[in-house]
Amino acid sequence: MEIRDLTQDDFDAALDIRMRSFGPLSDSDREKWRAAAIGAVAAGRYIGVYDGDRLTAVARLRAFTQWWHGRPQPMAGIGSVTVSPEERGKGVGTLLMKGVIERAAELGDAISALYPATTPIYRSVGYEHAGAQNTITLKTEALRRIRPTGQVKLRRMGPDDAAELIEVMGRANAAARVSGPISWDEATWKLWLAEQDDFLYLADDGFAVYRWNGGSIEVDSVVAASEETTRALWSLIGTASSLTEQITAAVAPDDPVLWLVGERSKDAVKQVRWMQRLIDLPAAIERRGYPAALAAHAVVRVDDPLRPGNDGTWRLEVAGGSGGATAEGDAGSGVPRLSINGMSALYAGVPVATLRRTGLMTGAGRHDDALDTIFAAKAHMLDYF
C-alpha cells in the first residue's frame, strides 16, 4: 500500500468508492464533483491509497482561509475521506490520514480541520474536537420584526462577485474578531454563486446566502460588519413570514440575530462537531490573532509522534495582537504537558480545565490562566464540508 496523487484517470474509481460509502450521485452532482476534483488534482490536494494500480481510499485537502481572533490564515479542510468497504479495518484509513497530514505540511498549511464521520481514527492521528457548526431554528415573523436602522443598499450576487464577497467577508470577520469561520477559494465561490436555487445578496459590508428547502428557508450564512447591514439582511429573510413559519440558520454562538429577535427563551440548536489539528505548531501560533491589549507568555510541553517539528517544549509569547512560539530545552516537570490533540483543542479555545479533566493536559498548572487567556475563543463554522 502506498500514498500517491490522484489523476483524472482515477475519477471513476474514486466515484465508485464514494458511491459505496455514501450512496449514488445524480448526473448533475457527478459533473459538479468532477469539476471540483479537477482543480484539487491540479493543486496536489487529492491523494489516495493504492494497492498496486488499484485505488482503495481517497481524501481531499480543500484550500480554505480560516479566521482566528479575526486574523486569516490558510487551512487544510479535509473532506471526501473514503475507504473501500473491503479494505476497512485494515489500517488503510490511518495510512491515508498520515498521508493527508504530510501533504498539508508540504502545501504550507499550519492548521487542518475536518467534520468526522467517526472520531477514533482522527483522534489517533492528532485531531481533537474543537468547535461546531451551530444551526438554529428561528420564527420567520421574529425576523420580519427586525427593523432596519439605516439605508443599506443590497444587490443580488452572481459568480462575478466572488472576489468582492471574499473581501467583504474578510473585513467583517476581522472586525468581529471571529474564531473558526472559513472561506472557500474564489474558484469555488464562483461555482456556489452560480447555484440557481440560492438567494444571494451583497452589501458594502455584508452578505446573505439562503434558499428554500421544502416548505422552510435554510440560511447558509449572514455575515455583516455593522448593525445597519445586520438588520437589513435578517429582515430581508423575514419578508417570507407569510409563506413559512420558521427558518433554520447556521449562526455563531453569539450571533447578533439572537439579540435582535424579540422573544428568546429556549434555543433549538443542532450542533455538528468539527475537529482540528495543528500541522506546524510555530507557524500556527504566529499566524493566529490574539487580543491586542494582551501581553502574556506560557511554556508548554507538546507530544506529537507524527510531526517531530511540533514535538518538544515551547515558549509561547503574545503581545499587541501577535504571537510566537520558540523552542526551549527540556523544562522538566514544571510545565504543563499536552498531546498534539490537546494543543490543537487549546488553540481553538477549549478551556484548560476541560483539557485537564479529560487527560489531554497534565503537569504543573502555573501557566493555566495565561493559556486560557491567550487562546480564549468561541470556535465555530458556518460552513459544512
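Residues numbered from 1 in each chain as written. Predicted model: local features only at pLDDT ≥ 70, side-chain atom pairs only at ≥ 80, totals over all residues. Heavy atoms only, no water.

### Focus on the side chain of Asn341
Of note, Asn341 is situated in helix α11 (residues 340–347). Given a relative accessible area of 11%, Asn341 falls into the buried group. Of note is the side chain of Asn341, whose polar atom sits 3.0 Å from the backbone oxygen of Tyr127. (Helix = DSSP H or I, 4+ residues; strand = E, 2+ residues; numbered from the N terminus. Buried < 20%, exposed > 50% of the residue type's maximum accessible area, 1.4 Å probe, protein only. Polar contact = N/O pair within 3.5 Å; in protein donor to acceptor, adjacent residues only side chain to side chain.)

### A word on a nonpolar patch on the surface
Among the surface-exposed residues, Phe199, Trp212 and Leu243 lie close enough to one another that they form a single nonpolar patch of about 300 Å² accessible area. Its location among the elements puts Leu243 in the loop between α8 (227–238) and β12 (246–251). (Patch = residues over 30% accessible without salt bridge, like charges linked within 9 Å, V, L, I, M, F, W, Y side chains within 5 Å. Areas by Shrake-Rupley, 256 points an atom, 1.4 Å probe, with all protein chains shown as cover. Salt bridge = Lys/Arg side-chain N within 4 Å of Asp/Glu carboxyl O.)

### Quick word on the pattern of salt bridges
Within the structure shown, the criterion is met by 29 salt bridges. As a salt-bridge pair, Glu164 and Arg155 come within 2.8 Å of each other at their nearest N and O atoms. Of the residues examined, Arg155 reaches a relative accessible area of 33% and is grouped as partly exposed. Of the charged contacts in the structure, one is a salt bridge between Arg211 and Asp198, with a shortest N-O distance of 2.7 Å. Here Arg211, found in strand β10 (residues 206–213), pairs with Asp198, found in strand β9 (residues 198–203); they are 13 residues apart in sequence, far enough to count as distant. Each of the two residues, Arg211 as well as Asp198, counts as buried. Through salt bridges that share partners, Asp51, Arg54, Glu86, Glu87 and Lys90 make up one connected network.

### Some words on the packing of aromatic side chains
Inspection of the entire model under this criterion finds 14 aromatic pairs. Relative to Tyr210, the ring of Phe199 has its centre 5.4 Å away and its plane inclined at 50°; by these criteria the two rings are tilted. Taken as a pair, Phe199 in strand β9 and Tyr210 in strand β10 lie far apart in primary sequence, eleven residues in all. Judged by its relative accessible area of 30%, Phe199 falls in the partly exposed class. Residue classification places Tyr210 among the buried positions, given a relative accessible area of 8%. Plain terms: the ring middles of Tyr290 and Phe375 are 6.3 Å apart, the flat faces sit at 65° to each other, and that makes the pair edge-to-face. Here the residue Tyr290 occupies a position in the loop between α10 (281–287) and β14 (295–303), and Phe375 occupies one in the segment after α13 (368–374), the gap between them amounting to 85 residues. Connected via pairs of aromatic rings, a cluster forms that spans Phe64, Tyr115, Trp184, Trp192, Tyr384 and Phe385. The ring of Trp259 has Arg264 lying over it, and the distance from NZ or CZ to the ring centre is 5.0 Å. (Phe/Tyr/Trp six-rings, centres within 6.5 Å; stacked < 30°, edge-to-face > 60°. Lys NZ or Arg CZ within 6 Å of the ring centre and 35° of its normal.)

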